[in-house]
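For reference, the chains in residue letters:
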Amino acid sequence: MALRVALRNKSALPGLLSQLSSCSHGRVCASSVFVAQQRSNSTSPKMTVDFDQSTGVAVMRMKSPPVNSLSLDFLTEFCISLEKLEMDKSCRGLIITSTLPKVFSAGLDIMELCGTSPERCGELWKAVQEMWLKLYSSNMVTIAAVNGSSPGGGCLMALSCDYRIMADNPRYTIGLNETSLGIVAAFWFKETMSNTVGHRTTEMALALGLLYNPNEALKTGLVDQIVPEDKLMTTAEQAMAKWLAIPDHARQITKSMMRKQIIDKLTAKREADIQNFVGFITKDSIQKSLRVYLEMLKKRKASKKTAP
Amino acid sequence: MALRVALRNKSALPGLLSQLSSCSHGRVCASSVFVAQQRSNSTSPKMTVDFDQSTGVAVMRMKSPPVNSLSLDFLTEFCISLEKLEMDKSCRGLIITSTLPKVFSAGLDIMELCGTSPERCGELWKAVQEMWLKLYSSNMVTIAAVNGSSPGGGCLMALSCDYRIMADNPRYTIGLNETSLGIVAAFWFKETMSNTVGHRTTEMALALGLLYNPNEALKTGLVDQIVPEDKLMTTAEQAMAKWLAIPDHARQITKSMMRKQIIDKLTAKREADIQNFVGFITKDSIQKSLRVYLEMLKKRKASKKTAP
Amino acid sequence: MALRVALRNKSALPGLLSQLSSCSHGRVCASSVFVAQQRSNSTSPKMTVDFDQSTGVAVMRMKSPPVNSLSLDFLTEFCISLEKLEMDKSCRGLIITSTLPKVFSAGLDIMELCGTSPERCGELWKAVQEMWLKLYSSNMVTIAAVNGSSPGGGCLMALSCDYRIMADNPRYTIGLNETSLGIVAAFWFKETMSNTVGHRTTEMALALGLLYNPNEALKTGLVDQIVPEDKLMTTAEQAMAKWLAIPDHARQITKSMMRKQIIDKLTAKREADIQNFVGFITKDSIQKSLRVYLEMLKKRKASKKTAP
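Now for a quick tour of the structure. (Residues numbered from 1 in each chain as written. Chains lettered and ligands numbered in written order. Predicted model: local features only at pLDDT ≥ 70, side-chain atom pairs only at ≥ 80, totals over all residues. Heavy atoms only, no water.)

**Notes on the interface of chain A and chain B**
Put simply, the test is: Contacts are residue-level and defined by heavy atoms, with any inter-residue pair within 4.5 Å sufficient. Computed with a 1.4 Å rolling probe, the buried area is the accessible surface lost when two parts are put together, summed over both parts. Criterion for a salt bridge: a side-chain nitrogen of Lys or Arg within 4 Å of a carboxyl oxygen of Asp or Glu. Whenever two N or O atoms come within 3.5 Å, that pair is a polar contact, provided that in protein one can donate a hydrogen and the other can accept it, and provided that, for residues adjacent in sequence, both atoms are side-chain atoms. Three classes are used, and their members are as follows: Ala, Val, Leu, Ile, Met, Phe, Trp, Tyr, Cys and Pro are nonpolar, Asp, Glu, Lys and Arg are charged, and the others, Gly among them, are polar.
The interface is formed by 20 residues belonging to chain A together with 18 residues belonging to chain B. Summed over both partners, the interface of chain A with chain B buries about 1,600 Å², with 70% contributed by carbon and sulfur atoms. If you sort the residues of chain A by the area they bury against chain B, His199, Arg200 and Leu208 of chain A come out on top, with a joint share of 37%. At the boundary of chain A with chain B, the tally comes to two salt bridges. Across the salt bridge formed by Asp224 of chain B and Arg200 of chain A, the nearest N and O atoms sit 2.9 Å from each other. Linking chain A with chain B are seven residue pairs in polar contact (both at pLDDT 80 or more). Broken down by class, the residue content of the side of chain A that touches chain B amounts to eleven nonpolar, six polar and three charged.

This is the structure:
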């Protein structure tokens, strides 16, 4: 099994660990490496990975209640799981989905951005970059089986896959809605979306912080297919079979050709992008609007609990 | 009121005036500065600006008969009006429309290009650049309420806004039709259109000088919405309210991210672009085809007047 | 007649001949120049060119059985024919079609890539580059009248024209299906397609090696129009008349503006692109998958012949 093999071979994770475990001053924090590895098995609390040797397809099920927020812990686990699968030559495809009701992933963990030190904000952002870099450039066929709402970073995760299928429930929404929180999608969020739905749709969607229901998402090209929720996983498997019918090397070179430019752009500007994010997110005005947003979420939650 | 404030503070207009009033050899023509300022109040002959403090939205009504041509005078006024609104922090949105029947703006003033000195042609083109640079990068939400035909530079003006609503009258047309006159859309016209409707649609439209009726313009993405003419302004106000619901700073950073690349490109090549335009437009063959075009317009006009 | 004039003036073909006839070490192979010229008249075995002086439109009919494969001989003739028409100022438009039943062009000649020397592979690739460079940048209006299937390089040929009309026969398909053969579309194939149908459609199409039937091709933008097969040529002539209504110089400058960037990119990297192709195609693993593909084609052909 892929995960076991990877765990046995510690040197199999150099890329990720050197990224995620290095402190902001460049020193490696040995303890966090260890913790990260401990956390990264298939029974970790934040996601389950099932790999079927017979098909070569792994299914990653995100299960970090309440909403699969992209916290530093979550992202660390996500990236380690992804890197292990990536290194297992027998794993050719990955389906990503959620075990939580109604939500795929709610995106960036706003709680972790409120009143947090610049260092911690920087680490979180570095982990978001890492998730995108790994997923968008994955050698595996990646399919998002979007079985719930997927705003912000959750939408980015879906957009970074090769193919997106969404459960046809009109209450689910997907989109890069950063501006509605008073924050801004990074340039590589923007270019990932723009590569999917074009420049003008992206311009309007980002400016207005639009969230699309499944029908709208299909029409606009944000997802490739919508199906009844109980057909989601079988549809994902059928789509995967079509993608896997193409020889890996030809598909991988083609994928790299389509995506390399943005990946190289972020790779070249990674530190500046972190500084830019940290400088923005730690501004008083932005911190204030994030707190307002969190208050609103709490009230909404409370009112739901007391509703008859 | 925004305009009054700006008029009181003459130093509020340095950017524009340094652009528009400098002669081709770089000397400032003091008299033209003065004239431009005189002209720039809200009761100027070429446009009216009404600013509603309660909503933060200004409406600019172009009223330069017969067809709101983009003459040097018109463009100077347009840019000064725009710059004043831009500098008024309380003005968050701008709706641009026309008071003339059947026409939004007919685009570049061909008359000003016929038999004109290279210097004058260059000044006109610099003013067109200035209009686009200001409008495409405006910090305000800009909505074009296109209540009439809008060929060439008129289409560019609409494309430079954040949102376009067109009156649903099948006799109105919109498009970059330069080639049908024997001239060529500049690269920044092309990229503005391409950012809106994509590369292929732009390629065909520019090659064939296509003008679209409202239905076609909607289908192709050249406008975002079409409504009966008597609903145009209320629809524009409703759309504006949606755009203004997003925090300004987040929307502005997002807009800049989407548009900065082309703006920087023209800013860097501005003088070369002027030389290129002047060199082209003053060619004997081009001058001849412009005269042919003007003759055709005159005949068409005459035949309408004598029609029963 | 254009062709006769060009044949009389041998110096009229310097660009092409210097490209195609130079050996890999830069020396000119005089004999191949001669052969190429001999072959290049309008009664050549691989294509017929009919030029109508009264309309200014030439029709090139590809007739290289069984499937108009892009062999080195075919491409050499194609480019010489194209260059001659290009140099004849009276020829303003070109319609490209096939005389073979059911096929427009089957694309790259796989036979010429199997067990072939790197030098020969490089020459073939250089000729494919030349075809694309000439066609994509042609000063003429170019219309593909796609009267049969058009995979791989055949699709590229159609995509390089200004306008594509396809015969509405559901058994015909078009697309860049390289990956299904285990090979990869070059970056300029990719960008030509992407400029036509957008980034995301291209990403999926290339990854999956998709072939579209006429209805799908129309919907996705791969072709501009579909018509019954017996209306194909008259429709192409009508479309041509519309394109020719625009003054040549304005159309040509516009076309160059839309396409120059990719053309310059390949021109700058031409040798590296050849080395890249040769290095890839001569790999053992790729050679093996090409042989498997050829075997499959042979079996399919044999089974058709013996079918009742």
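**A closer look at the pairing of strand β1 (residues 47-52) of chain C**
Residue and element names in this part refer to chain C. We count it as follows: When DSSP locates at least two bridges between a pair of strands, those strands are taken to pair. Think of it this way: any DSSP run of H or I at least four residues long counts as a helix, any run of E at least two long counts as a strand, and we number them from the N terminus.
Sheet analysis places β1 next to strand β2 (residues 57-62), joined by six bridges and oriented antiparallel. By the bridge assignment, Met47 is partnered in β2 with Met62. Following β1, the chain reverses through four residues before pairing antiparallel with β2; Gly56 in that reversal takes a positive phi of roughly 75 degrees.

**Points about the side chain of Ser150 of chain A**
All names here are of chain A. How we decide: When accessible area is computed with a 1.4 Å probe and restricted to protein chains, residues below 20% of their type maximum are described as buried, those above 50% as exposed, and intermediate ones as partly exposed.
Tracing the sequence through the fold places Ser150 in strand β7 (residues 150-151). Look at Ser150 and you get buried, because its relative accessible area is 0%. A distance of 3.0 Å separates a polar side-chain atom of Ser150 from the backbone oxygen of Gly154. Setting aside residues up to four positions removed in sequence, Ser150 forms contacts with Phe104, Ser105, Cys155, Thr173, Ile174 and Gly175.

**A few points about the relation of the copies chain A and chain B**
The line we're drawing: Copy-to-copy superposition: least squares on the C-alpha atoms, limited to residues that have pLDDT of at least 70 in both copies.
Structural alignment of chain A on chain B gives an RMSD of 0.0 Å, achieved by rotating through 120 degrees and translating 0.0 Å along the axis. Such a turn and shift between the copies fits a three-fold axis. Considering only C-alpha atoms, the part of chain A nearest the rotation axis is Gly198 of chain A, at 4.3 Å.

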